Amino acid sequence: MGLSISVFGMGYVGSVSAACFAHVGHKVIGVDVSSHKVEMMAGGRSPIVEARMSELVEEGHRTGLLHATTSAEDAIRDSEISFVCVGTPSMRSGKLDLSYVERVVHEIGLALKQKKSFHVVVLRSTVIPGTTETLVVPTLEKASGLRAGVDFAVCYNPEFMREGSAVADFLQPPYTVLGAQEQRHLEPVKQLYKTVSGPVFETTIPVAEMVKYVCNAFHAVKIGFANEVGTLCKNLGVDTEAVTKIYTSDTKLNISPAYLSPGFAFGGSCLPKDLRALSHRAKELDVQLPLLESILPSNLLHIDRAVESVLRTNKKKISFLGLSFKPGTDDLRESPQVHMIKRLLGEGCQLRVWDRDVLLGRLAGSNRQYIEEVIPHIGSLLSADLEEVVRSGEVVVIATKVDKDQLAACLGQEQIVIDLVNLASAARPRAGASYQGICW
Ligand SMILES: NC(=O)c1ccc[n+]([C@@H]2O[C@H](COP(=O)([O-])OP(=O)(O)OC[C@H]3O[C@@H](n4cnc5c(N)ncnc54)[C@H](O)[C@@H]3O)[C@@H](O)[C@H]2O)c1
C-alpha cells in the first residue's frame with residue numbers, strides 16, 4: 001500500500017523525487033515557495049527540463065497521486081513522511097548557505113505543532129556533517145514544541161542522481177543510504193525504497209551526510225585526474241584514448257577499493273619518484289597539473305599530522321614499529337616511517353625501532369649498506385626484540401602490520417598506542433591507555 005509523502009522544494013531533487021515516488025504508487029504532495037512551480041506541478045507539467053519528467057508528472061496528475069501546494073501546513077497535515085529538498089548554495093566564502101533549510105524546517109516545525117500523529121522528516125539536501133543534528137533537529141523541536149525521537153523522527157537520505165539521467169538514477173541508484181539516530185525511525189522510509197534497486201545502507205546521520213560529500217569530491221577528483229592525464233598525454237604526443245582504455249581496465253588496483261582506505265602516507269621507490277618525474281616533465285612542457293602536483297605536498301602533510309599526533313602526547317619515549325614503507329618489504333627508499341623517525345629525533349624524542357622485514361634484510365645484507373651509510377643514526381635504534389622495543393616506550397607507534405597477540409602480550413595499560421596503518425579492528429591489540437589513529 002502506498003504511503004503519503006510531502007516533498008519540500010520542487011527543484012531538481014524535489015520534483016524528481018516527488019514524480020518518482022508517485023510513479024511507484026505513493027501519494028505525493030510537492031511544496032514550494034514558488035507559486036509558478038507549484039502551478040506547473042499541480043497542472044501536470046514538469047517544473048524542470050529533465051528526461052522522462054514530463055511523462056512522469058503528467059502520469060502523476062492523471063492517476064491523482066501527485067499534488068502540489070505552497071502551504072507547508074496542508075502538506076504536513078496530509079502526509080506521514082516529509083522530504084526536505086531545498087537548495088543549499090555556496091556563499092561567497094564557500095560556506096554552505098543553510099538559510100533555506102533553516103526556514104523550511106522552521107515551517108515544518110510550526111505545522112507539526114498542529115499535528116497529533118507521528119511524523120518522519122527526511123533531509124535530502126546536501127549538508128555538512130553535523131547539520132541535521134545541530135540545526136535541523138533543534139529548529140524542528142523549537143518550532144513544534146515537540147521532541148525528536150518521541151513525537152517525530154528525523155532521518156538523512158542523500159540523493160545520488162545526476163541531472164540528465166535523474167529519473168533513471170532515482171529508480172536505479174548505486175545504493176540507498178539512510179541515516180537515523182535510531183534505526184527504528186527508518187522503517188517507513190525503508191518501505192518507500194522497496195521498489196528501488198541496489199543495496200540499502202542503514203547508518204548514522206553524520207555518516208550519511210558525509211558519504212554524499214565524499215562521493216561528489218571523489219567524482220570531482222576523478223574528472224580532474226582524467227583531464228590532467230589527458231592534457232599531459234596530448235602534450236607528450238601520446239594517445240590519450242589508448243592510455244585511458246588500458247588504465248581504466250584495471251579493476252584490481254585502479255578502479256577498485258585498492259588504495260582507498262585511510263591510513264599512513266605513501267612512499268617507496270616508485271610513487272614519489274614517478275610523480276616527481278611527471279610534474280617535472282609537465283613543467284618543461286609548460287603544462288600546469290595542479291592536481292597531480294598537489295599529491296606529494298598532501299602526502300608530506302600527512303606525515304606532519306602523524307608527527308604531531310605523537311608530539312601531542314607530550315611523551316618522549318617512543319616505541320616505533322615499522323621502518324620500511326610497507327609491510328613485507330625491507331625497502332627503505334623514501335619510507336615515510338624513516339622520514340617521521342628523523343622528525344621525532346629532531347624534536348628530542350628517544351626512539352627504539354622494530355621492523356621484522358628490515359632486520360631480515362639487514363641480516364641478508366640487502367639493505368645493510370643503506371642503513372649503515374644513509375641512516376646510521378636510525379640503524380643504531382633498531383632492535384630485533386619486539387618486546388624490548390614495545391616495553392621501552394610511553395607511546396607505541398604502529399607503522400607496520402604486527403601480530404596482535406604478540407603486541408598485546410607486552411603492551412602496558414599506561415601506554416598510548418598510535419596506529420598509523422589503520423589495522424583491521426580484529427587485528428588491533430586491546431591493551432594500552434588509548435588507541436588512536438591519525439585519520440580514522
Ligand atoms: N541538482 C542535483 O543534481 C542534486 C543532486 C543531489 C543532491 N542535490 C542537493 O539537493 C538539494 C536541492 O538541490 P536542487 O538542485 O534540487 O535545488 P534547486 O535550487 O533546484 O531547488 C530548490 C527548491 O527549493 C525551493 N524552496 C526554497 N525554500 C523553500 C521553502 N521554504 N519551502 C518550499 N520550497 C522551498 C526553491 O523555490 C526551489 O524550487 C541541494 O542541497 C543540492 O546540493 C542536488
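For the structure, see preceding data.
First things first, this report covers the structure right here in the doc. (Residues numbered from 1 in each chain as written. Predicted model: local features only at pLDDT ≥ 70, side-chain atom pairs only at ≥ 80, totals over all residues. Heavy atoms only, no water.)

1. Some remarks on the packing of aromatic side chains
Next up, step 1: The tally for this structure, following the rule as stated, stands at seven aromatic pairs.
Next up, step 2: With centroids separated by 6.2 Å and ring planes inclined at 85°, the aromatic side chains of Phe 225 and Tyr 247 adopt a geometry described as edge-to-face. Taken together, the residues Phe 225 in helix H9 (residues 205–236) and Tyr 247 in helix H10 (residues 240–248) connect sequence positions 22 residues apart.
Next up, step 3: Overall, Tyr 247 belongs to the partly exposed group, its relative accessible area being 23%.
Next up, step 4: Judged by centre distance (6.2 Å) and plane angle (50°), the ring pair of Tyr 435 and Trp 440 falls under tilted.
Next up, step 5: Classification of Tyr 435 by relative accessible area gives partly exposed; the value is 25%.
Next up, step 6: Accessibility expressed as a relative area gives 35% for Trp 440, which makes it partly exposed.
Next up, step 7: In textbook terms, an aromatic cluster arises when at least three aromatic residues are bridged by ring pairs, as seen for Phe 21, Phe 83, Phe 170 and Tyr 193. (Phe/Tyr/Trp six-rings, centres within 6.5 Å; stacked < 30°, edge-to-face > 60°. Helix = DSSP H or I, 4+ residues; strand = E, 2+ residues; numbered from the N terminus. Buried < 20%, exposed > 50% of the residue type's maximum accessible area, 1.4 Å probe, protein only.)

2. Section: the site of the ligand
Next up, step 1: The environment of the ligand is formed by 22 residues, the closest being Val 13, Asp 32, Lys 37, Thr 88 and Glu 163.
Next up, step 2: Thr 88 places a polar side-chain atom, nitrogen or oxygen, 2.5 Å from an oxygen atom of the ligand.
Next up, step 3: Residue Thr 126 places a main-chain N or O atom 2.9 Å away from an oxygen atom belonging to the ligand.
Next up, step 4: Here the ligand has 830 Å² of accessible area as a free molecule, and 80% of this is covered by the chains.
Next up, step 5: Of all the elements in the fold, those that place two or more residues in the shell around the ligand are helix H1 (12–23) and helix H5 (99–113).
Next up, step 6: In terms of residue count, the dominant contributor to the shell around the ligand is H5 (three residues).
Next up, step 7: The residue makeup of the shell around the ligand, split by class, is ten nonpolar, six polar and six charged. (Near = heavy atom within 4 Å. Polar contact = N/O pair within 3.5 Å; in protein donor to acceptor, adjacent residues only side chain to side chain. Areas by Shrake-Rupley, 256 points an atom, 1.4 Å probe, with all protein chains shown as cover. Nonpolar A, V, L, I, M, F, W, Y, C, P; charged D, E, K, R; others polar.)

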